[in-house]
Amino acid sequence: MSLRSPLGQAKGLGSAKEGLHHWWAQRVTAIALIPLTIWFAFKVAVLSMADYETVLACIGSPWSAALIVSLLIAVFYHAALGMQVIYEDYISHKGARIGAIMGTNLLLFLLAIAAIIAVVRIALGG
Amino acid sequence: MSTNNRPLSPHLDVYKLPLSALLSILHRGTGAALSVGTIVLVWWLMALAGGEESFQVAQSFMGSILGRLVLFGWSFALFFHMSNGIRHLFWDAGYGFDKQVVEKTSLIVIGFAGSLTILVWIVAFAFGIGE
């Protein structure tokens, strides 16, 4: 039994052939985030009450900074993809939907850039 | 019309959500909350990059009662979304769809997320005492 209406089938309103990239990127970032998240969460826990110099040195070491920047890229990409799906499911008005997706993408992009610049600055000792 | 045979959504007002349905909507909820919560992470990193003074401001908020409450919720949301996300990856690979299995993995997800949350806070407090 097909769940599509005869009209929908007739119009050929099917896949735009771009869904897989979105789906796949969501999974790739998810898998990358599993080890990165656990590592970062416990690193921050260990540093939770350390002094400024210690935290600075620990976050800014080359490997640590590289992993945090990777984490940030994966986090914000994953968040943008996820928020897009939520908007697509719940906002039926096309204009509002596109506006919400675009606005969220721009905001998340800004946050990502701000965070990455912060980490790079810490790593370079600026 | 064949559209008469389409399955209907449960009537949410009179329908007791099974645990798996509750976790499903929680996955979305925590995902959206964590997206907003990235602001905390960005703020902390920018405060650290900004120098000792701005870092102390951020640290004193994180160390306050309100800050700790926010971070506790944040950490549970993170570990829940991660645990349930791992279950989603198994589903993507085609495993674990049986009703009994889903019931069991729902409990495993909650237990795993709760354990990681408690563990990370134990680590935080243990290292705090050591300072």
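Residues numbered from 1 in each chain as written. Chains lettered and ligands numbered in written order. Predicted model: local features only at pLDDT ≥ 70, side-chain atom pairs only at ≥ 80, totals over all residues.

1. Remarks on the overall build of chain B
Here comes step 1: Secondary structure summary: chain B contains four helices and zero strands in total.
Here comes step 2: Going residue by residue from the N terminus, the α and β elements of chain B occur as α-α-α-α.
Here comes step 3: Expressed as lengths along the three principal axes of its C-alpha atoms, the size of chain B is roughly 70 × 30 × 30 Å.
Here comes step 4: The buried share among the 131 residues of chain B stands at 24%.
Here comes step 5: Contacts spanning at least 24 positions in sequence make up 68% of the contacts within chain B whose residues lie at least 6 apart. (Helix = DSSP H or I, 4+ residues; strand = E, 2+ residues; numbered from the N terminus. Buried ≥ 20, exposed ≤ 12 C-beta atoms within 10 Å, placed from the backbone. Contact = placed C-beta atoms within 7 Å.)

2. Quick look at the interface of chain A and chain B
By a widespread convention, an interface's size corresponds to the accessible area lost as its parts come together.
Here comes step 1: Contacts between the two partners involve 33 residues from chain A and, on the opposite side, 31 residues from chain B.
Here comes step 2: Among the elements of the structure, α2 (19–47), α3 (52–60), α4 (62–90) and α5 (94–123) of chain A are those that each provide at least two residues to the side of chain A that touches chain B.
Here comes step 3: Per element, the largest residue contribution to the side of chain A that touches chain B is eight residues, and it comes from α2(A).
Here comes step 4: For the side of chain A that touches chain B, a count of residues per class yields 26 nonpolar, five polar and two charged. (Nonpolar A, V, L, I, M, F, W, Y, C, P; charged D, E, K, R; others polar.)

3. Observations regarding the nonpolar core
Here comes step 1: Counting residues in hydrophobic clusters, the biggest one holds 42 residues, and the most contacted among them are A:Leu72, A:Phe76, A:Ala115, A:Ala118, A:Ile122, B:Leu45 and B:Leu48.
Here comes step 2: At the level of secondary structure, the elements contributing two or more residues to this core comprise α2, α3, α4 and α5 of chain A together with α1 (19–50), α3 (65–92) and α4 (99–130) of chain B.
Here comes step 3: At nine residues, the largest contribution of residues to this core is made by α1(B). (Core = buried A, V, L, I, M, F, W, Y, C linked by C-beta atoms within 7 Å.)

4. Describing α5(A)
Here comes step 1: The terminal C-alpha atoms of α5(A) lie 43 Å apart, and with 30 residues this matches the ideal 44 Å at 1.5 Å per residue to within 8%.
Here comes step 2: Among the residues of α5(A), those classed as buried are A:Leu111, A:Ala112, A:Ala115, A:Ala118, A:Val119 and A:Ile122.
Here comes step 3: Contact partners of the buried residues in α5(A): α3 and α4 of chain A together with α1 of chain B.
Here comes step 4: Once α5(A) finishes, A:Gly125 follows within two positions and takes phi at roughly 70°, a positive value. (Expected span 1.5 Å × (residues − 1).)

5. Here we look at the packing of α2(A) against α4(A)
All names here are of chain A.
Here comes step 1: Interaxial distance between α2 and α4 falls to 8 Å at its minimum, and their mutual angle equals 140°. Accordingly, the angle class assigned to the pair α2 and α4 is oblique. α4 is crossed by α2, and the crossing has left-handed handedness. Counted together, His22, Ala25, Gln26, Thr29, Ala30, Ala32, Leu33, Leu36, Trp39 and Phe40 of α2 and Leu67, Ile68, Ser70, Leu71, Ala74, Val75, Tyr77, His78, Leu81 and Gly82 of α4 form the full contact between these two elements.
Here comes step 2: The residue makeup of the contact of α2 with α4, split by class, is 14 nonpolar, six polar and no charged. (Axes fitted to C-alpha atoms, helices over the stretch in contact; angles between N-to-C directions. Parallel < 35°, antiparallel > 145°, perpendicular 65-115°, else oblique. Left-handed = near helix turned anticlockwise from the far one by under 90°.)

6. Some words on the confidence of the model for chain B
Here comes step 1: Across chain B, the average pLDDT comes to 92, with 96% of residues at 70 or higher.
Here comes step 2: In the model output, the complex is listed with pTM 0.88 alongside ipTM 0.88. (pLDDT = per-residue confidence, 0-100.)

7. A closer look at the packing of α5(A) against α1(B)
Here comes step 1: It is the contact of α5(A) with α1(B), at a shortest axis distance of 8 Å, that shows an interaxial angle of 30°. Comparing the axis directions of α5(A) and α1(B) gives the class roughly parallel. Crossing hand, α5(A) versus α1(B): left-handed. Between α5(A) and α1(B), the contacting residues are A:Leu111, A:Ala114, A:Ala115, A:Ala118, A:Val119, A:Arg121 and A:Ile122 on the first element and B:Thr38, B:Ile39, B:Leu41, B:Val42, B:Leu45, B:Met46, B:Leu48 and B:Ala49 on the second.
Here comes step 2: Residues of the contact of α5(A) with α1(B), tallied by class, amount to 13 nonpolar, one polar and one charged.

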